[in-house]
Amino acid sequence: MAIRWTMTIAILTLAIGQASAASSRSSGERRLAAMTPAQFQARTTLHDDDLDTVATITTANGFVDRKPLLRPALDDVFLRAFIDKKTGRTAYQAYVRIRYRDYGWANWDTANYATPAGPRTIATQRIARLKASCPRGFACLRSETVGFAIAAALLSANAKLYAGDGITSLPFKIMAQNGGERAFLLSTAEIAGLLMAVDAYRTDHHLPTS
């Protein structure tokens, strides 16, 4: 699975719309800011065959960043779309892999994300969890992968916010039973690119586009 760039809301708040902050962006931030919906669409991945009743499109390879040297891999965030191949109806999910070191599982079981009516809380779905081998009594490297549903209307509204001259994003955070929190952003260019890929699939397969 591709290792992708994730940024805190505070970092991006300082970066957006400020020339001085733009000059201090990391190379990853600058590359992400320069990406367009069309580029994200071109990098989507389609999983579909004749035995599938649902086609899956992901943005897993939309933006890829190198693993930091001598440091744990970065968290991973992308979008998935599940298209019913008979009706064209589509469900959307944010896919989040969180990596950390601890003595036990954090259990990242809740997501809060922004909506026009204010923050919304939703339970996450556990997808996978992995633990690296380590001596007994030591904090181990761990990875938990979760997902949560996002309404098509909210994604569409955020896609329309894409400005083309910087990063605009849908902010959200994942919270754990042990009190931990991780903040993330989904680029509006990535959101728009996924929706474009879904519409293209529906068109190609003569399915309703709305």
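Residues numbered from 1 in each chain as written. Predicted model: local features only at pLDDT ≥ 70, side-chain atom pairs only at ≥ 80, totals over all residues. Heavy atoms only, no water.

Trainee: Help me out: how do you make sense of the environment of Met 35 in this one?
Mentor: When you line up the elements, Met 35 lands in the loop between helix H3 (27–34) and helix H4 (37–42). Judged by its relative accessible area of 6%, Met 35 is buried. Between the alpha carbons of Met 35 and Ile 167 there is a distance of 9.1 Å; along the sequence they are 132 residues apart. With residues near it in sequence (within four places) discarded, Met 35 still touches Phe 40, Arg 43, Gly 62, Phe 63, Tyr 162 and Ala 189. (Helix = DSSP H or I, 4+ residues; strand = E, 2+ residues; numbered from the N terminus. Buried < 20%, exposed > 50% of the residue type's maximum accessible area, 1.4 Å probe, protein only. Contact = heavy atoms within 4.5 Å.)

Trainee: I would appreciate a short explanation of the sheet that holds strand S6 (residues 120–123) in the present structure.
Mentor: A sheet is described by the order of its strands in space; here four strands give the open sequence S6-S5-S9-S10, paired in antiparallel fashion. Lying at the two open borders of the sheet, with one neighbouring strand each, are S6 and strand S10 (181–187). Strand after strand, the sheet turns through a mean of 25 degrees between neighbouring axes, direction not considered. Set on the sheet, helix H6 (residues 188–204) makes contact with strand S9 (169–176) and S10; between it and S10 the angle comes to about 60 degrees. (Pairing = 2+ DSSP bridges. Axes fitted to C-alpha atoms, helices over the stretch in contact; angles between N-to-C directions.)

Trainee: Sorry, what's going on with helix H5 (residues 152–159) here?
Mentor: Residues spaced three or four apart along an α-helix point in a common direction, a consequence of the helix completing one turn every 3.6 residues. Here H5 has its buried residues at Leu 154, Leu 155, Asn 158 and Ala 159. All buried residues of H5 fall inside an arc of 135 degrees around its axis, so they share one side. As for H5, its buried residues are in contact with strand S4 (90–102), strand S5 (108–113), strand S8 (140–150), S9 and H6. (Arc of directions from axis to C-beta.)

Trainee: Help me out: how do you make sense of the pattern of salt bridges in this one?
Mentor: Applying the stated criterion to the full structure yields six salt bridges. Note that Asp 48 is salt-bridged to Lys 85, the shortest N-O span being 2.7 Å. Of this pair, Asp 48 sits in the loop between strand S1 (45–47) and strand S2 (54–58) while Lys 85 sits in the loop between strand S3 (76–84) and S4, and the two are 37 residues apart along the sequence. Residue class for Asp 48 comes out partly exposed when judged on its relative accessible area of 28%. Between Arg 97 and Asp 76 there is a salt bridge, with its nearest N and O atoms 3.0 Å apart. Placement of Arg 97 in strand S4 and of Asp 76 in strand S3 is noted, with a sequence separation of 21 residues between them. (Salt bridge = Lys/Arg side-chain N within 4 Å of Asp/Glu carboxyl O.)

Trainee: Would you mind going over the sheet that holds S3 with me for this structure?
Mentor: The strands that make up a sheet pair up through hydrogen bonds in the backbone, lying either parallel or antiparallel. Strands sit in the order S1-S2-S3-S4-S8-S7 across an open sheet of six strands; the sheet is antiparallel. Sheet topology places S1 and strand S7 (125–131) at the edges, where each strand pairs with a single neighbour. Adjacent strand axes in the sheet meet at a mean angle of 20 degrees, parallel and antiparallel pairs treated alike. Where S7 lies against S8, six bridges are found, and the strand directions are antiparallel. In the strand pairing of S8, Arg 126 is matched with Val 146. Packing against the sheet, H6 makes contact with S1, S2, S3 and S4, and its axis sits at approximately 20 degrees to S3.

Trainee: What exactly am I supposed to notice about the side chain of Thr 90 here?
Mentor: With respect to the secondary-structure elements, Thr 90 resides in strand S4. Only 3.1 Å separates the side chain of Thr 90 from the backbone oxygen of Gly 88, close enough to count as a polar contact. Here Arg 202 takes part through its side chain, which lies 2.8 Å from a polar atom of the side chain of Thr 90. Residues contacting Thr 90, with those up to four places away along its chain left out, are Ala 81, Phe 82, Ile 83, Val 198 and Arg 202. (Polar contact = N/O pair within 3.5 Å; in protein donor to acceptor, adjacent residues only side chain to side chain.)

Trainee: Explanation requested: the packing of H5 against H6 in the structure shown.
Mentor: The description of two helices packed together rests on the angle between their axes and the distance between the axes. Where H5 contacts H6, the axes come no closer than 8 Å and their chain directions differ by 120 degrees. By the criterion of interaxial angle, the relationship of H5 to H6 is oblique. In this structure, the crossing between H5 and H6 has a hand that is left-handed. Residues Leu 155, Ser 156, Asn 158 and Ala 159 of H5 form the contact with H6, whose participating residues are Thr 188, Ile 191, Ala 192 and Leu 195. (Parallel < 35°, antiparallel > 145°, perpendicular 65-115°, else oblique. Left-handed = near helix turned anticlockwise from the far one by under 90°.)

Trainee: What's the story with the pairing of S5 in this structure? I'm lost.
Mentor: Each regular strand shows side chains that alternate between the opposite faces of the sheet. Of the strand pairs in this sheet, S5 and S9 are connected by five bridges, and their pairing is antiparallel. Of the residues in S9, the one forming a bridge with Ala 111 is Ile 174. Across four bridges, S5 lies against S6 in antiparallel orientation. By the bridge assignment, Tyr 113 is partnered in S6 with Arg 120. Once S5 ends, the chain turns through six residues before running back antiparallel as S6, passing Gly 118 with a positive phi of about 115 degrees.

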